[in-house]
Amino acid sequence: MSPETTAPRSLAEALRARDDASLSALLRSRPDLITPVPTDLTQLATRAGTRASVVRALERLDRFTLQTAEALAVAREPATYDELLGLLAGDDNDPTVTAAFPHALGTLREQALLWGGDDRLRLMRTARELLAPSPQHPSPTGLGPTVGEATAGMSPGRIQEIVAAAGLTSTHDSVSAVASLSALFSDRSRMSALLDEAPAEAIEVLSRLVWGPPYGQVTAEPAAHLRWLIGRGLLLPTGPGTVVLPREVALHMRAGRAHRVTEPVAPAVEAATPHRPQVVDAAAAGQAYTTLATVEELLKDWHEGGPAVLRAGGLSVRDLKRTAVALDVSEPVAAFWVELAYGAGLLASDGEAEERYAATPAYDAWLELPAAERWARLASAWLTATRTAGLVGGRDAKDRTLSALGPGLDRSAAPEVRHRVLALLAELPEGSSPATDSLLARLYWERPSRSARPSPDDLRARLTRWTLSESELLGVTGRGALSAQGRALLGLPSTADTKGAEPSGPGDKLPAHKRHHPVTAPVPHSPAERAAAATRAARLLAPLLPEPLDHVLLQADLTAVAPGPLERPLADTLGVLADVESKGGATVYRFTPASVRRALDAGRSASDLHAFLAAHSRTPVPQPLAYLIDDMARRHGHLRIGAASAYVRCDDEAVLNEILADKRSQEFGLRRIAPTVLAGQTDPAGLLTGLRSMGFAPAAESAEGDVLISRAHAHRTPPRTAPEPVPDGPPVPDATLLGAAVRAIRAGDLASTAPRKEDPAAGRPVDGGLPRTSSAETLATMQAAVMTGEAVWIGYVNAEGAASQRVIAPIRVEGGFVTAYDHTADEVRTYPLHRVTGVAELADDQP
């Protein structure tokens, strides 16, 4: 049998000829085709040809595979394998292109963007419409229309004039004339002879148009060299004053290449500065520790309730600035830390009437974890998050400012870009950071836009730069190179696992023509896989983190130095008793009257503070610090403030006289109502703050006359879940779903294509549609099929009113139900007979 008789006539027929593994590969590479599962292969082919699905598929092709599709869009239809290869490899048959071509062709065929045998390659119609050149949408190839397309509206007489001027024999009709002219322009030897006769100026004009755009302007009276080109059809008019270079002419002058630069091999990511892996891991571990300290400091600052939530959602610009000052970082970096804590589920809005941000209950559980596990939780949340902190401060489509924690920050491509950037870092020699330009070039090759060149403002380029900076902040990388814990997060083996293995990175030892396809690291998809990767990363990081200390070094200048991270109880108490003056490898705390008063307000006595410092200092408690604590304790509570509007009570009348004599107290409206009591016209909290600013040390008093102990009350939101990432299209189906989907599609296709006996008089459709038979005939046919064991074709309407067609083998008919093996569902089912629209016998040659 000849190839022409067996070649598929449509994409549906081509899909029908595939095996189950090939169909599974299609559904895996284009998961949007399986949502919902198509009823049969015809519906699958129709869905694969929709514009949205094709655009999505084209956007996920690498540069060379996309170039292959673009070349097929300008080739004649159908094209042969050699013709398409010639458009990519050129007349010189570039060996690198030739080696990479089969894989690109296989990718297009696997994704159903191309179908047909090697002798009849066809690009899917929608893809051809998107990629073929037109005046409104130029092709990336820079090619124009064919001779046939450009002469479609030309008069027959003018076509004959062009044929004669080109030295061809006149024909009796325009179709054969255009075919003769196309054959001339496609013939290398004859075309070279024709161009040898052209004036030098004419060749220069063609050279300017050959790589695109192919359109040019001419005057009403063109110059002689232009008339020479137009007269021979080397330039064809497309409108008043406009000409175009025919595709066949351009391809001849390009030596057969559809693209100026064909890129069959992915550009290599170049290593920049090499470092020892131990240095990289140590630097990354140091930044991981800083990450934990910064997130804790952020949520401690919002301990009693953070900034208010804007009406439109998110943080105000002022609150972001305040947070940046509190963390001693820039505003973009502060936005990253805030978004990181939010993405990990550690902070959220409290949902109150006056809504504010606060830590979640999950934050308290997170604090109890070991340091390495806390970091792994943050890093895993960052790797999969679609919220993009780099967008904060930008504008959305409606020109509104994008705020931290606000809407509009999700970018579904972010997780893929983050993972791919880190995977490419993993391919470099260990300890090497990448050259940013080469990294961007590689990513653009793997996911090119249909524009000619990548733009610095392109989203994927910005996501790449943000990934490099954020991974460094987070401690996934150190000094620009991927750390051991970063490799573990990706599910890659550690150095110890791969010691002695060759090659050291994917593709390192491969020849260039075998590295055309991007090498990807295994992506942990399921929650269990991600949890296992995070656990392994924590295990690798733990030995690199400093052990918490149980002591500080007190100094005579009222400071304490913590030479490393402190144990949590010590850090919490010291944070109340002193103020942080500087952070870094060692943290410096300063004791002030205000900080000591804060500890006294929290219920600590002077003896408690002396005992605490003596127990946790490796140096003797300096005398100035002891005097400061005793002096503040002696004065603390000497004045009492309660509610009158407010009153001041003191046993020492001289102190009250001093307050009344001070002009700064006039704003409180104080007056003496008893020798030891002053009444004021302000609230107790304002009076407490005001007198402290005047240099006094008052204490708040309860209605019963007891000193109020002011402790920070932790404000927590109700239980909250971390924000879900916005998916970038349907998820990739697993093997179980793929197998079930392929079986369902096969069975549905069997039902829709099974040959039926033709009997229009009995109500059976000859072609298509559901069978329609009476209840009596349906029952009789079913009973006969039970006795003969033959399969029949039925129409069925379920309880929701959805109609379908099925091929069943009846087993038993009783009580108004038929029990049968359903070939469509691949299982035994029972159907109510009153929902069967009709039944038809299959053709005798149908098994």
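Quick summary incoming for the structure in this document. This is a predicted model, so every value here is computed, not measured. In this numbering scheme, every chain counts its residues from 1 along its sequence in written order. Local features in a predicted model are, by the rule used here, given only for residues with pLDDT of at least 70; side-chain atom pairs are given and counted only at 80 or more, and totals for whole chains, interfaces and linings are based on all residues. Think of the side-chain values as coming from all heavy atoms in the structure, minus any hydrogens and water.

On to the overall build of the chain. Helix and strand definitions follow DSSP, with helices as H or I runs of at least four residues and strands as E runs of at least two, each counted in order from the N terminus. Regarding its fold elements, the chain presents 35 helices and 25 strands. Throughout this description, buried means an accessible area under 20% of the type-specific maximum (1.4 Å probe, protein chains only), exposed means over 50%, and partly exposed covers the range between. Taking all 847 residues of the chain together, the buried fraction comes to 46%. Note on definitions: a residue-residue contact is assigned when non-hydrogen atoms from the two residues lie within 4.5 Å. Expressed as a percentage of contacts within the chain between residues at least 6 apart in sequence, the contacts between residues at least 24 apart total 66%. Each accessible area is a Shrake-Rupley estimate made with a 1.4 Å probe; only the visible protein chains count as cover when residues are assessed. As displayed, the chain has an accessible area near 40100 Å², and 54% of this comes from carbon and sulfur atoms.

Taken together, the 6 bridges between strand β21 (residues 792-797) and strand β22 (residues 803-814) define a ladder with antiparallel strand orientation. The residue of β22 that forms the bridge with Gly795 is Gln805. The hairpin formed by β21 and β22 contains 5 residues between the paired strands, and Gly801 there has a positive phi angle of roughly 90°. Whether two strands pair comes down to DSSP finding at least two bridges between them. Here β22 hands over to strand β23 (residues 817-822) after 2 residues, with Gly815 in that stretch at a positive phi of 60°.

Glancing now at the sheet that holds strand β25 (residues 836-841). Within the open sheet, the 5 strands sit side by side as β24-β23-β22-β21-β25. Their pairing is antiparallel. In this open sheet, the two strands that pair with only one neighbour each are β24 (827-832) and β25. Direction aside, neighbouring strands of the sheet carry axes that sit 45° apart on average. Examined bridge by bridge, β23 and β24 share 6 bridges and lie antiparallel to one another. Residue pairing for β24: Ala820 is matched across the bridge by Arg829. Between N-to-C directions, angles cover 0 to 180 degrees, with each direction set by a line fitted to C-alpha atoms, over the stretch in contact for helices.

To continue, consider helix α31 (residues 623-635). Every α-helix winds through 3.6 residues per turn, so residues three or four apart in the chain are directed the same way. Taking 1.5 Å as the rise per residue, α31 with 13 residues should run 18 Å; its terminal C-alpha atoms sit 18 Å apart, in good agreement. Turning to α31, its buried residues number three or more, namely Leu625, Ala626, Leu628, Ile629 and Met632. Down the axis of α31, the smallest arc covering the buried residues is 160°, so these residues share one side. Turned more than 90 degrees from where α31 packs its buried face, Gln623, Tyr627 and Arg634 sit exposed. Among the structural elements, β12 (553-555), α29 (593-601) and α30 (606-616) are those in contact with the buried residues of α31. Any helix carries an expected span of 1.5 Å times its number of residues minus one. What the arc covers is the set of directions going from the helix axis to the C-beta atoms.

Quick look at the nonpolar core now. Generally speaking, a soluble globular protein has its nonpolar side chains buried in company with each other. Think of a nonpolar core as a cluster: buried Ala, Val, Leu, Ile, Met, Phe, Trp, Tyr and Cys residues, connected wherever their side-chain atoms sit within 4.5 Å. Ranked by size, the top nonpolar core spans 91 residues in total, and within it Leu27, Phe185, Leu229, Leu234 and Leu235 carry the most contacts. Here this core gets 7 residues from one element, more than from any other, and that element is helix α6 (residues 63-74). Core analysis: the second largest hydrophobic core is formed by 68 residues, Ala381, Val476, Leu489 and Leu541 among them.

Attention now goes to the environment of Ala127. With respect to the helices, strands and loops of the structure, Ala127 is situated in helix α9 (residues 125-131). Here Ala127 falls in the buried class, since its relative accessible area comes to 0%. Along the sequence, Ala127 and Leu72 sit 55 residues apart, while their C-alpha atoms lie 9.9 Å from each other.

Once that is clear, we can look at the pattern of salt bridges. Take a side-chain nitrogen of Lys or Arg and a carboxyl oxygen of Asp or Glu: if they are within 4 Å of each other, that pair is a salt bridge. For the structure shown, the criterion picks out 32 salt bridges. Of the charged contacts, one joins Glu59 and Arg60 as a salt bridge, the two residues approaching to 3.9 Å between their closest N and O atoms. Linking Arg598 and Asp579 is a salt bridge whose minimum nitrogen-to-oxygen distance equals 2.8 Å. Placement of Arg598 in helix α29 and of Asp579 in strand β14 (residues 579-582) is noted, with a sequence separation of 19 residues between them. On the basis of relative accessibility, which here comes to 32%, the residue Arg598 falls in the partly exposed class. Connected through shared salt-bridge partners, Arg420, Glu427, Arg442 and Glu446 make up one network.

Let us look at the environment of Pro133. Topologically, Pro133 is positioned in the loop between α9 and α10 (147-150). In this structure the C-alpha to C-alpha distance between Pro133 and Arg247, which are 114 residues apart in sequence, comes to 9.9 Å. When sequence neighbours within four positions are dropped, the list of residues in contact with Pro133 reads Val74, Ser139, Leu143, Gly144 and Arg247.

Where helix α19 (residues 331-343) meets helix α24 (residues 459-474), the closest approach of the two axes is 12 Å, and the angle between their N-to-C directions is 70°. By the angle between their directions, the pair α19 and α24 is classed as roughly perpendicular. Of the residues in α24, those in contact with Val333, Phe336, Trp337 and Leu340 of α19 are Glu470, Leu473 and Leu474. For this classification, the nonpolar set comprises Ala, Val, Leu, Ile, Met, Phe, Trp, Tyr, Cys and Pro, the charged set comprises Asp, Glu, Lys and Arg, and every other residue, Gly included, is treated as polar. Split into classes, the residues belonging to the contact of α19 with α24 amount to 6 nonpolar, no polar and 1 charged. Reported orientations rely on four angle classes, namely roughly parallel under 35 degrees, roughly antiparallel over 145, roughly perpendicular from 65 to 115, and oblique for the rest.

Centre distance within 6.5 Å is the pairing criterion for rings of Phe, Tyr and Trp, where only the six-membered ring of Trp is used; planes under 30 degrees apart are then read as stacked, over 60 as edge-to-face, and the remainder as tilted. For the coordinates displayed, the defined rule picks out 5 aromatic pairs. With a centroid separation of 4.9 Å and an interplanar angle of 75°, the aromatic rings of Tyr81 and Phe101 are classed as edge-to-face. Pair noted here: Tyr81 is in helix α7 (residues 81-89) and Phe101 is in helix α8 (residues 95-110), with a separation of 20 residues, a long-range link. For Tyr81, a relative accessible area of 24% gives the class partly exposed. When its relative accessible area of 0% is taken as the criterion, Phe101 is described as buried. Above the face of the Trp366 ring, Arg374 is positioned so that its terminal group lies 5.5 Å from the ring centre. A ring is scored as having a charge over it whenever the NZ atom of a lysine or the CZ atom of an arginine sits within 6 Å of its centre and within 35 degrees of its normal.

This part is about unusual backbone geometry. The residue after Thr35, namely Pro36, is reached through a cis peptide bond having omega -10°. Looking at where Pro36 falls in the secondary structure, it is placed in the loop between α3 (20-29) and α4 (41-48). Residue Pro213 is reached from Gly212 by a cis peptide bond, and omega for that bond is -5°. When you line up the elements, Pro213 lands in the loop between α14 (200-209) and β3 (215-217). With a phi close to 60°, Asp328 is a non-glycine residue in the positive phi region. By the secondary structure assignment, Asp328 is in the loop between α18 (317-327) and α19. Even without a glycine there, the phi angle at Asp399 is positive, about 65°. Along the chain, the position of Asp399 falls in the loop between α21 (371-384) and α22 (414-427).

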